[in-house]
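Structure at a glance
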Amino acid sequence: KWIKDKTTEVGYGVEITGLGAGNYEIHIEDRNGCTAYSETDIVSSPPMQMTYNKQDVSMNGGEDGMIEVYAAGGTGVLTYKWISSHFDPNVPVTGQQITTLKAGYYTVIIEDEVGCSITETIEITQPETIEVMATITDIKCPGDSGIIRVDVSGGNDPYLYTWEYPDGTVVT
């Protein structure tokens, strides 16, 4: 019979399967009552965990995003493999940090030396395109002045407004 952690019978026979980590003993008795005993431990790798820092793209259509992952646990040296529709599938992308990223999804697969792995998909975002809508009030009478008002959306506020007059004067 098989006993786990010196307390629980877990099976009979020459093989047991579906075992978790722990101490296992096998007690064997032949038909003449002779007995033998053996003990072994099944160990488990520490679970892998991952965190990350990311920098989203700074302007619409930019390529300055960044992801850096930090992993712990597992067995031995960890390897990092990245997958994205932005990457050439014939050129492996590896390492803990990837840079010059466009907006999109990036998947990292972190694997330890015994083949255990964790996977995470991270989204890099970008601001909306800057859109400007101008409202113009024309000059109605001589001596009056006109007005131009702009409403801006998208991008990253606060916005810097620079006006250039017909005479070349620039006002910020």
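Read on for an overview of the structure. Given the structure is predicted, the values throughout are model-derived calculations rather than measurements. (Residues numbered from 1 in each chain as written. Predicted model: local features only at pLDDT ≥ 70, side-chain atom pairs only at ≥ 80, totals over all residues. Heavy atoms only, no water.)

Concerning the environment of Glu128
- Note that Glu128 resides in the loop between strand S11 (117-124) and strand S12 (131-137).
- Note on Glu128: relative accessible area 60%, which makes it exposed.
- Between the alpha carbons of Glu128 and Ser38 there is a distance of 67 Å; along the sequence they are 90 residues apart. (Helix = DSSP H or I, 4+ residues; strand = E, 2+ residues; numbered from the N terminus. Buried < 20%, exposed > 50% of the residue type's maximum accessible area, 1.4 Å probe, protein only.)

Here's the deal with the pattern of salt bridges
- Counted by the stated rule, this structure contains four salt bridges.
- Taking the shortest distance from any N to any O, the salt bridge between Glu25 and Lys6 comes out at 3.0 Å. On the criterion of sequence distance, the pair formed by Glu25 in strand S3 (residues 22-29) and Lys6 in the loop between strand S1 (2-4) and strand S2 (8-11) is long-range, its members being 19 residues apart.
- Overall, the relative accessible area of 6% leaves Glu25 in the buried class.
- Asp56 is paired through a salt bridge with Lys54; the nearest N and O atoms lie 3.1 Å apart.
- Classification of Lys54 by relative accessible area gives partly exposed; the value is 36%.
- Here the residues in one salt-bridge network are Lys6, Glu25 and Glu39, joined through shared partners. (Salt bridge = Lys/Arg side-chain N within 4 Å of Asp/Glu carboxyl O.)

With respect to the pairing of strand S4 (residues 35-42)
- Note that S3 and S4 share eight bridges and pair antiparallel. Opposite Ile28, over in S4, you have Ala36 as the bridge partner.
- Between S3 and S4, which pair antiparallel one after the other, the connecting turn spans five residues, and Gly33 there sits at a positive phi close to 90°. (Pairing = 2+ DSSP bridges.)

Overview of the sheet that holds strand S7 (residues 79-83)
- Strand order across the open sheet formed by four strands is S8-S7-S10-S11, with antiparallel pairing between neighbours. The open sheet is flanked by strand S8 (93-94) and S11, the only strands paired with a single partner.
- Across eight bridges, the pairing between strand S10 (residues 104-111) and S11 is antiparallel. Residue pairing in the sheet places Val108 in a bridge with Glu120 of S11.

Here's the deal with a nonpolar patch on the surface
- A surface patch of nonpolar side chains, about 580 Å² in accessible area, is lined by Ile136, Ile148, Tyr161, Trp163, Tyr165 and Val171.
- Inspection of the secondary structure puts Tyr161 in the loop between strand S13 (147-153) and strand S14 (163-164).
- We classify Tyr161 as partly exposed; its relative accessible area is 36%. (Patch = residues over 30% accessible without salt bridge, like charges linked within 9 Å, V, L, I, M, F, W, Y side chains within 5 Å. Areas by Shrake-Rupley, 256 points an atom, 1.4 Å probe, with all protein chains shown as cover.)

Things to note about the packing of aromatic side chains
- This model, assessed by the stated rule, comprises two aromatic pairs.
- Between Phe87 and Tyr106, the aromatic rings sit 5.6 Å apart at their centres with planes inclined by 55°, giving tilted as the arrangement. Residue Phe87 is found in the loop between S7 and S8, and its partner Tyr106 is found in strand S10; the two are separated by 19 residues along the sequence. Across the pair, exposure class does not vary: Phe87 and Tyr106 are buried alike.
- Between Tyr159 and Tyr161 the ring centres are 6.4 Å apart and the planes differ by 70°, which places this aromatic pair in the edge-to-face class. (Phe/Tyr/Trp six-rings, centres within 6.5 Å; stacked < 30°, edge-to-face > 60°.)

Regarding the nonpolar core
- Formed by 17 residues in total, the largest nonpolar core has its most connected members in Ile67, Val69, Trp82, Ile98 and Tyr106.
- Secondary-structure elements contributing two or more residues to this core are strand S6 (65-72), S7, strand S9 (97-101), S10 and S11.
- Counting residues per element, this core draws most heavily on S10, at three residues.
- Aside from chain neighbours lying at most four places away, what touches Trp82 is Ile67, Val69, Phe87, Val93, Thr94, Gly95, Gln96, Ile98, Tyr106, Thr107 and Val108. (Core = buried A, V, L, I, M, F, W, Y, C linked by side-chain atoms within 4.5 Å. Contact = heavy atoms within 4.5 Å.)

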